[in-house]
Amino acid sequence: MDVSQEAKHGLGRRIMSHEQRREILNELFFEGEERMPYVRQFYSLLAISTLIASLGLMKNTTAVVIGAMLLSPLMTPILAFAAGLVMGWPVRSGRLAIRLVFATLFVFGLAYLLPLVFRRPTNVVVPAEILERTNPRMGELLIALSAGIAAALMLLRRETLSILPGVAIAVALIPPLCVSGLLVYFKEYALAWNAFVLYATNLVAIILTAGTVLLLTGFKPRVKDVKLNLRVAAGMTMITFFVALVAVPLGIRSINDLQDLHDRQVAISVIDDWIGENSVEIVDVEVEDNLLKVFLLVNLPIESLYERRVSAFRAYLSPEMTIDSLKQRLIAVLDKEVNITLKGSFAFWKSTCKVQADCYF
């Protein structure tokens, strides 16, 4: 591009030539004779990507899931939709929206059918790879917004094509949608909805920031057409509304997570004070909304193995160390329901082997 073109207009806004704009649009929009070959290729890659992602998720294999992200063809219609909004093309944007809806249903349905075909039991432990995509927070939205900027820059500057794999991995469109379909099969409907929210978050965030970048870099023709400008403004306002719609619950979840983290630190401090010099260890402290779960381990000397009564274990704890006293402390500080699990452990060494017997108070 001519340097003088970039220098025009004081804010550094680029004036894109008609040829450059047409070249980019030809890479995003497939019409006429090109449409059917593109559609066949699109759904073929989408099916392969979905199968690989679903198998990787069920097998709990991160590398396989990443491979599916790289094969996903969804970025092209998403960027085309963003370009259609910036160009003020409501009809073409509407067609692309329908294509994205059909692609979403295709991936969701294929992911649901895969375990059905292989007759996978529904009462299984959900793999960690699946669970990781059922807890969207504000961080995921920020990642998707950044990925949209990178994708638009890649579209505008051909020398940045090397970032495409990184964008595909960062934004993760196919895996959360596959997770949603798989979890519906496993009858985990609440988790399935959370995974779908993550997919929707990534989708609308990429469209918003990609469209914004295209708009700021002069992708829209500079013409004095009030109707065109109104269409562009309406389209960008609409997608901003959808991003705000998903940002509100994600923001609330993120704030709740920070509050839970704070409450956990306060609880640990209270428990440490309650333990004092006694042989009690904190195994875990979990905060779930208005419930605090505390797991403690009492290390008992080997001599107590010979005691016949469980009440004899109290001899190894301070008199004031009772479950009720700890509960009252935690409730007073955090104003939450408290559930405490106190586990006794007898441990001794014999050669290099540790033998452990457990009991519960």
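A quick note: this is a predicted structure, and the numbers were derived from the prediction, not measured.

**Observations concerning the packing of aromatic side chains**
Next, step 1: Per the stated rule, a full pass over the model turns up 10 aromatic pairs.
Next, step 2: Note on Phe-30 and Tyr-38: the rings are 4.1 Å apart at their centroids and 5 degrees apart in plane angle, and the pair reads as stacked.
Next, step 3: Taking the relative accessible area as the measure of exposure, Phe-30 reaches 21% and is therefore partly exposed.
Next, step 4: The class for Tyr-38 is buried, based on a relative accessible area of 10%.
Next, step 5: Three or more aromatic residues joined by ring pairs make a cluster, and in this case those are Phe-30, Tyr-38, Phe-42, Tyr-43 and Phe-106.
Next, step 6: Geometry around Phe-29 places Arg-92 over its ring, the cationic atom sitting 5.7 Å from the centre.
Next, step 7: In this structure, Arg-92 is placed above the aromatic ring of Trp-89, and the distance from its NZ or CZ to the ring centre is 4.3 Å.

**Considerations on the packing of helix 3 (residues 35-58) against helix 6 (residues 90-117)**
Next, step 1: Put simply, helix 3 and helix 6 touch, their axes get as near as 9 Å, and they point 40 degrees apart. Between helix 3 and helix 6, the interaxial angle falls into the category oblique. Along this stretch, helix 3 crosses helix 6, giving a crossing that reads as right-handed. Across from Tyr-38, Phe-42, Tyr-43, Leu-46, Ala-47, Thr-50, Leu-51, Ser-54, Leu-55 and Met-58 in helix 3, the residues of helix 6 making contact are Arg-99, Phe-102, Ala-103, Phe-106, Val-107, Leu-110, Ala-111, Leu-114 and Pro-115.
Next, step 2: Among the residues making up the contact of helix 3 with helix 6, the classes are represented as 16 nonpolar, two polar and one charged.

The rules we used
Residues numbered from 1 in each chain as written. Predicted model: local features only at pLDDT ≥ 70, side-chain atom pairs only at ≥ 80, totals over all residues. Heavy atoms only, no water. Phe/Tyr/Trp six-rings, centres within 6.5 Å; stacked < 30°, edge-to-face > 60°. Buried < 20%, exposed > 50% of the residue type's maximum accessible area, 1.4 Å probe, protein only. Lys NZ or Arg CZ within 6 Å of the ring centre and 35° of its normal. Axes fitted to C-alpha atoms, helices over the stretch in contact; angles between N-to-C directions. Helix = DSSP H or I, 4+ residues; strand = E, 2+ residues; numbered from the N terminus. Parallel < 35°, antiparallel > 145°, perpendicular 65-115°, else oblique. Left-handed = near helix turned anticlockwise from the far one by under 90°. Contact = heavy atoms within 4.5 Å. Nonpolar A, V, L, I, M, F, W, Y, C, P; charged D, E, K, R; others polar.

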